[in-house]
Amino acid sequence: MFLLRQDGFLESRTPPPSKTTFSEIQTGIATQSIRKHPDAHFDTFYGFATAANQWRLGSWYRVQGYPLVAGVGLSRAYLVAVWWKRMIAPLAALFALLLLSTLGYRGFRSIAEARQRERVFASMLLLEAKERAEVTLQSIGDAVITTDIEGHITEANPVAERLLGTTREEVLSKPIEAVFHIVREGDHQAMENPVQRALHEGQVVGLANHTVLMHADGHEIAIEDSAAPILGRDGRVLGAVLVFRDVTERRRQAAELAYQANHDALTGLYNRKMFRAILESGVRARYNWLE
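Residues numbered from 1 in each chain as written. Predicted model: local features only at pLDDT ≥ 70, side-chain atom pairs only at ≥ 80, totals over all residues. Heavy atoms only, no water.

A. Summary view of helix H5 (residues 194-201). Every buried residue belonging to H5 is among Pro194, Val195, Gln196, Ala198 and Leu199, and all of these are buried. Packing partners of the buried residues in H5 comprise strand S6 (143-148), strand S8 (182-184), strand S9 (205-206), strand S11 (220-231) and strand S12 (237-246). Capping the start of H5, Asn193 holds a side-chain oxygen 2.9 Å from the backbone nitrogen of Val195, two or three residues further along. Downstream of H5 by a residue or two, Gly202 has a phi angle that is positive, lying close to 70 degrees. (Buried < 20%, exposed > 50% of the residue type's maximum accessible area, 1.4 Å probe, protein only. Helix = DSSP H or I, 4+ residues; strand = E, 2+ residues; numbered from the N terminus. Contact = heavy atoms within 4.5 Å. Polar contact = N/O pair within 3.5 Å; in protein donor to acceptor, adjacent residues only side chain to side chain.)

Written out as structure tokens, the structure is:
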């Protein structure tokens with residue numbers, strides 16, 4: 001702190017001056033600021049004080065009613081120390097926040113990368129399982145058709161394409177009834193589609209005997225088949241799978257064996273076994289009528 005007279009002489013100073021005397025006119029940065037603003041009541045100054053050999057920040061004020069100027073100056077080192085003391089807590093908090101943010105970012109990034117790796121791995125497993133399923137479906141000797149919950153076709157293997165007389169691309173997304181036409185052998189009466197029953201009942205459904213499939217070109221194919229629901233992990237029906245096979249040759253052979261068992265190979269007439277069975281059935285019928 002200092003007290004100057006208007007003529008520039010030092011009146012008092014705390015701490016006392018070490019290089020200047022009270023008998024000398026002051027020329028320091030405070031005096032220069034006072035002389036530069038002769039009409040001002042107060043002002044601030046900053047510069048290098050040669051007397052103290054340090055940078056100082058200060059202010060002065062003209063004492064009303066007296067030819068005196070009071071002022072105070074603070075060293076830059078003191079100001080920096082005060083500033084640092086006041087800023088150390090906010091800076092520490094900011095540093096802690098940055099550190100926590102960095103650690104949090106790394107943690108979240110690590111979790112995101114782990115989840116991304118899990119998703120990629122799950123996608124690879126799903127793709128591999130799908131490829132295995134497609135290869136298995138293509139390799140099955142029976143005709144296989146899968147549908148969604150509404151009975152629209154989602155997949156068909158090559159055997160199904162051959163028996164239906166169409167291609168996989170042509171039947172995808174179509175209702176099963178529009179592609180899989182089945183009738184009863186002989187009278188061509190329409191048969192109930194087993195896929196819809198499997199979807200509604202949630203259980204395996206087999207075809208009735210003597211069912212034939214109408215090929216796209218109009219000829220008949222004797223088939224045996226079954227439809228089963230596709231269930232999710234929660235037991236909910238997700239769709240259905242239809243498996244059928246061509247048994248035309250087997251039925252022909254069975255009919256031929258039945259004919260040979262009841263007819264003479266040379267004449268084509270009923271053989272003794274069949275003739276006797278007819279007689280016995282006729283006698284029983286007549287006896288029952290007489291009773």
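B. Molecular detail of the sheet that holds strand S5 (residues 68-75). If you walk across this open sheet you meet the five strands as S2-S1-S5-S4-S3, and the pairing is antiparallel. Every other strand in the sheet has two partners, leaving strand S2 (10-13) and strand S3 (42-49) as the edge strands with one partner each. Direction aside, the axes of adjacent strands within the sheet are offset by 25 degrees on average. Note: strand S1 (residues 2-5) against S5, four bridges, orientation antiparallel. From the neighbouring strand, Leu3 faces S5, where its bridge partner is Ala70. Strand contacts of helix H1 (residues 29-36): S1, S3, strand S4 (54-63) and S5, with the helix running at about 140 degrees to S3, the strand carrying the most contacts. This element, helix H2 (residues 76-139), spans S3, S4 and S5 of the sheet and lies at about 60 degrees to S5. (Pairing = 2+ DSSP bridges. Axes fitted to C-alpha atoms, helices over the stretch in contact; angles between N-to-C directions.)

C. Region of the structure containing the nonpolar core. Formed by 26 residues in total, the largest nonpolar core has its most connected members in Ile145, Phe180, Leu213, Ile223, Leu242 and Phe244. Put simply, the parts of the chain that give this core at least two residues each are S6, strand S7 (153-156), helix H3 (158-164), H5, S11 and S12. Apart from the residues lying within four places of it in its own chain, the contact partners of Ile223 are Phe180, Ile182, Leu207, Thr211, Leu213, Phe244, Arg245, Val247 and Arg251. Of all hydrophobic cores here, the second largest spans 10 residues; its members include Leu4, Ile29, Ala30 and Phe45. (Core = buried A, V, L, I, M, F, W, Y, C linked by side-chain atoms within 4.5 Å.)

D. Focus on the pattern of salt bridges. Applying the stated criterion across every chain yields a total of eight salt bridges. Note that Arg168 is salt-bridged to Glu155, the shortest N-O span being 2.4 Å. Of this pair, Arg168 sits in helix H4 (residues 168-171) while Glu155 sits in strand S7; the two residues are 13 residues apart in sequence, bridging distant segments of the chain. The class for Glu155 is buried, based on a relative accessible area of 16%. In this structure, Glu169 engages Arg168 in a salt bridge whose closest nitrogen and oxygen atoms are separated by 3.8 Å. Judged by relative accessible area, Glu169 falls into the exposed class, the value being 57%. (Salt bridge = Lys/Arg side-chain N within 4 Å of Asp/Glu carboxyl O.)

E. A look at unusual backbone geometry. In this model, Ser173 sits at a positive phi of 75 degrees, which is unusual for a non-glycine residue. Among the structural elements, Ser173 can be located in the loop between H4 and S8. The phi torsion at His188 lies on the positive side, around 60 degrees, for a residue other than glycine. Residue position: His188 is located in the loop between S8 and H5. Classification of His188 by relative accessible area gives partly exposed; the value is 40%.

F. Representation of H1 within the structure. Among all positions of H1, only Ile29, Ala30, Thr31, Ser33 and Ile34 are buried. Elements that come into contact with the buried residues of H1 comprise S1, S3, S4 and S5.

G. Geometry of the environment of Phe45. With respect to the element layout, Phe45 can be found in strand S3. Sequence separation between Phe45 and Gly58 is 13 residues, and the spatial gap between their C-alpha atoms is 5.4 Å. Excluding its chain neighbours within four sequence positions, the residues that come into contact with Phe45 are Phe2, Ile29, Ala30, Ser33, Arg56, Leu57, Gly58, Ser59, Trp60 and Val72.

H. Expanded view of the side chain of His215. Structurally, His215 is set in the loop between strand S10 (211-214) and S11. Of the polar contacts made by the side chain of His215, one reaches the backbone oxygen of Arg162; its length is 3.3 Å. Reaching out from His215, the side chain makes a polar contact with the side chain of Asp217 at a distance of 2.8 Å. For His215, the residues in contact, after removing those within four places along its chain, are Arg162, Leu163, Leu164, Gly165 and Ile221.

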